[in-house]
Structure formats: structure tokens, C-alpha cells
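Breakdown of the fold
Each chain is listed here by its residues.
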Amino acid sequence: MAQKLWEKNVQVNKDIERFTVGRDREMDLYLAKHDVLGSMAHITMLQTIGLLTAEELEQLLAELKNIYAAAERGEFVIEDGVEDVHSQVELMLTRRLGDVGKKIHSGRSRNDQVLLDLKLFTRAQIKEIAEAVEQLFRALIAQSERYKDVLMPGYTHLQIAMPSSFGLWFGAYAESLVDDMMFLQAAFRMCNRNPLGSAAGYGSSFPLNRTLTTRLLGFDSMNYNVVYAQMGRGKMERNVAFALASIAGTVSKLAFDACLFNSQNFGFVKLPDECTTGSSIMPHKKNPDVFELTRAKCNKLQALPQQIMMIANNLPSGYFRDLQIIKEVFLPAFQELKDCLQMTTYIVNEIKVNEHILDDDKYLYIFSVEEVNRLAREGMPFRDAYKKVGLDIEAGRFTHDKQVHHTHEGSIGNLCNDRIEALMRDVVEGFNFSVMEQAEQALLGR
């Protein structure tokens, strides 16, 4: 039976063990390959300070690469009786290499080990989220350009208000994603700092070379103060969760709009048939289930920062087991958001737009402001023009040709999509994911 890293002679009560371990072994599977990568950087550093020989390092790196490959293939498992991913990796090394495998923990605690694993996992997931957001962004910009001349009603208070367009509608969500990506980039920068070497939160008497592990893992910098490195547990997850929630908020609003516009009372868009479902008794129904589920999942994701905050709130400095529970809500959140982004991108690409919405005269009054402005341009005082048009509407005399002539930046006739695309390009390039990717590939010898 495998011994736990901290266990000495007294075995823990099984019920207590089940309670304290909880879902940690399940959650640690998310971290497996990242734990291996961190160990590779750590032992490379240990060899430079004389805690491993060159031969021992070579043996350990070869076995760690094998374990990494197994994790990539989804074949890594945490065996019964093994507490966590750290214990499993060390056990596998010790089985294959004997006492050499027991040396990898020198100068390290499970505290800074899990901090590192979480950061390596999170920055990789942020890259995948950023790529998925960029794909949705491109789909929105393409549809904005495709339908830029198709007018639709704009609403305030769910009352028809002024002319809008599908160019504006699609483009608005594209620009919203730019702001979300700025938030995500800030979260990435806070995440992309090296905590390794902080040990249990108070450093080590070994002469660790933290600059080396920072470079080997492709971090921007390190968490310098070892106490703060430990204090960052929970804070990093909360900050990233806020960025995920910002993206989820944009997608949720888009999903709600599309559900509303797809209903027969609006009839502005038609969602792809394969993204709708029928009723068990009403043969005419085509329910927008994919977007309804997307809305619910994204609303759940918007609660994630509060969940993390409530778990970590009011803890003093230092490590506490409370922080383990954050993994249960944080680690699966990335895949849930990626699924929502993928589904939304598919629907945006396939959505069909009604190009004749304004043929119905019930939308005539959205042109009232256009008429007021026309009269003002011809010299009538704005307030008098407003009163005249209002009286014409009340008397049933209001008419308009249902044309608009907007030219200013960001309006129906001047969407500025090229500038929005330039903003997104700048944000995407600002992540500079290539540094972390190149470092990881170099460690793996690829």
C-alpha cells in the first residue's frame, strides 16, 4: 500500500481520510501533466545546486517524460491509497528508479507544488479560452459585415426606440469580446508568475535558483515574496474567474437576444434547426435549447468569482485546507466556457437573418428621431421639431421613408469594424503565449 508524503507511523481513520481527500484525487487529474512539467524544471534546478547528480537528473527526466506522455494520452491514474497527483508521480518514479525518485521533493512543499500546478494549468487553459473567444469574434465580425445594411429595431425598455442594424448588433458583441479579452490578458499576467521555491510559504534553507525555474517554465517573472506566493492561492483563481465571468456575461446576453429574436413575436432571426428541439405534444415547436443551456451555463459561470471569494474570504496568511475546495469549482469551469464559446460560434456562423423586418409598419415610429433631426437640419429649432413630430404621431399623420443616413464613427453607416479588429489583434498579440509554449517544449525536448 502506498504511503502518503506526510504519513509517518500512524495511519489516518478511513472516514476522516475520505472526508479530507474529498474530490481532490479526481481534480488532480486536471493537473497531472503540469505537475510533471513543474517537477522537470525543479529537478533541473536541483542538479545545478548539487542536490542531484547529472546521471540522476538524466534518469529522472527520462521517466518524467514518459509520465507526461501518459498524462497527455489520458492514461495517467491516481491509484487507490495514493492521496494526490504529487504522491502518484513520486511513487511512479520510486518504483522505476528506487531511492532516486525520493529526491525530487528536496526544496519543495506540496504547497508550492500545487500553486505551480494550478498556474501552469490555468495559463494553458487561458490560451485555449483566448483562441475560442477569437474564433467567436471573427464569426461576429463576418456576420456584422454581411448584414451591415439590414435594418432592425433598436429597443429601450423593450419598447421600439430607434433604427439599429444587424451590422451593429453583431458588431456590438464583437467589441464586447475585445474588452473581455483585455480582462483575460490581465488575469493571464497575474497568473504567469512563478511561485515555485516558496515551499510551504516561507522559503527554504536550500540555495534554490528561482530565476532558473522561472526561465525554464517560461514565466514572465516570479512571485518574489514567498509569503505572498502562498497568499496568491485563491486570489489567482478568483481573478481568473472574474475574467471568465466577463466573457460568460457577453455570451449569455447574446444567447438571450438570439432566443428573443428567434421567437415568433419577433421573427428577426432563425436559428439552425440542429440547435433546436421539438415539443412532446406541440408539433410546431422549435425550442432554442442550445442557447438556453448556454445562457444558464454562462450565468452559472458568472457566479464563480463569488464562490471562490466565499471559500477563501477572511483567511489569514499561510496555507489552509479550505483552499482545496476551490479546485472543485475552478478547474472544470474552463471546459464549460469553451463548450459555450464553441456552440455560440457555430450558431453565429449558421444563423439566418430576416432582411424584411421593417416592412411591417408597426416599426414605423422608430424613425421619429430621424424625422426630428431632418427638420432640425432644415432650420427648425429641435424642441419645435420634437413637438411637431410628436403631434403628427398622435394624429396618425407620421410617415417616413424608412431610410437612415448615419455617418459618424460606430454608427449604422460607419461600423468601424476594421478598428475593432485592430483592437482585438493588439490584445491577442499582447498575450505573447509563444514564450510559455517554447519553454515547455524545450523542457520536454521537443
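Above this text sits the structure in question.
Anyway, here's the lowdown on the structure attached to this text. None of these values were measured; they are calculated from a predicted model.

Attention shifts here to the packing of aromatic side chains. Here the structure, examined in full by the defined rule, presents 18 aromatic pairs. Between the aromatic rings of tyrosine 30 and phenylalanine 121, the centroid separation amounts to 6.0 Å while the plane-to-plane angle is 80°, which identifies the pairing as edge-to-face. Here phenylalanine 121 lies in helix 6 (residues 110-146) and tyrosine 30 lies in the loop between helix 2 (24-28) and helix 3 (32-48), a separation of 91 residues in the sequence. Of the residues examined, tyrosine 30 reaches a relative accessible area of 32% and is grouped as partly exposed. Consider the rings of tyrosine 365 and phenylalanine 398, whose centres lie 6.1 Å apart with planes at 55°: the pair is tilted. Of this pair, tyrosine 365 sits in the loop between strand 6 (352-353) and helix 15 (368-377) while phenylalanine 398 sits in the loop between helix 16 (382-395) and helix 17 (417-431); the two residues are 33 residues apart in sequence, bridging distant segments of the chain. Three or more aromatic residues link up through ring pairs in this structure, and these residues are Tyr147, Tyr155, Phe166, Trp169, Phe170, Tyr173, Phe261, Phe266, Phe268 and Tyr363. Arginine 123 extends its terminal NZ or CZ atom over the ring of phenylalanine 219, reaching a point 4.7 Å from the ring centre. A cation sits over an aromatic face here: arginine 295 above phenylalanine 256, 4.7 Å from the ring centre.

Along the chain, histidine 42 turns up in helix 3. Overall, histidine 42 belongs to the buried group, its relative accessible area being 1%. The contacts of histidine 42, once residues within four sequence positions are left out, are Ile104, Ser106, Gly107, Arg108, Leu196 and Thr213.

Procedures and definitions
Residues numbered from 1 in each chain as written. Predicted model: local features only at pLDDT ≥ 70, side-chain atom pairs only at ≥ 80, totals over all residues. Heavy atoms only, no water. Phe/Tyr/Trp six-rings, centres within 6.5 Å; stacked < 30°, edge-to-face > 60°. Helix = DSSP H or I, 4+ residues; strand = E, 2+ residues; numbered from the N terminus. Buried < 20%, exposed > 50% of the residue type's maximum accessible area, 1.4 Å probe, protein only. Lys NZ or Arg CZ within 6 Å of the ring centre and 35° of its normal. Contact = heavy atoms within 4.5 Å.

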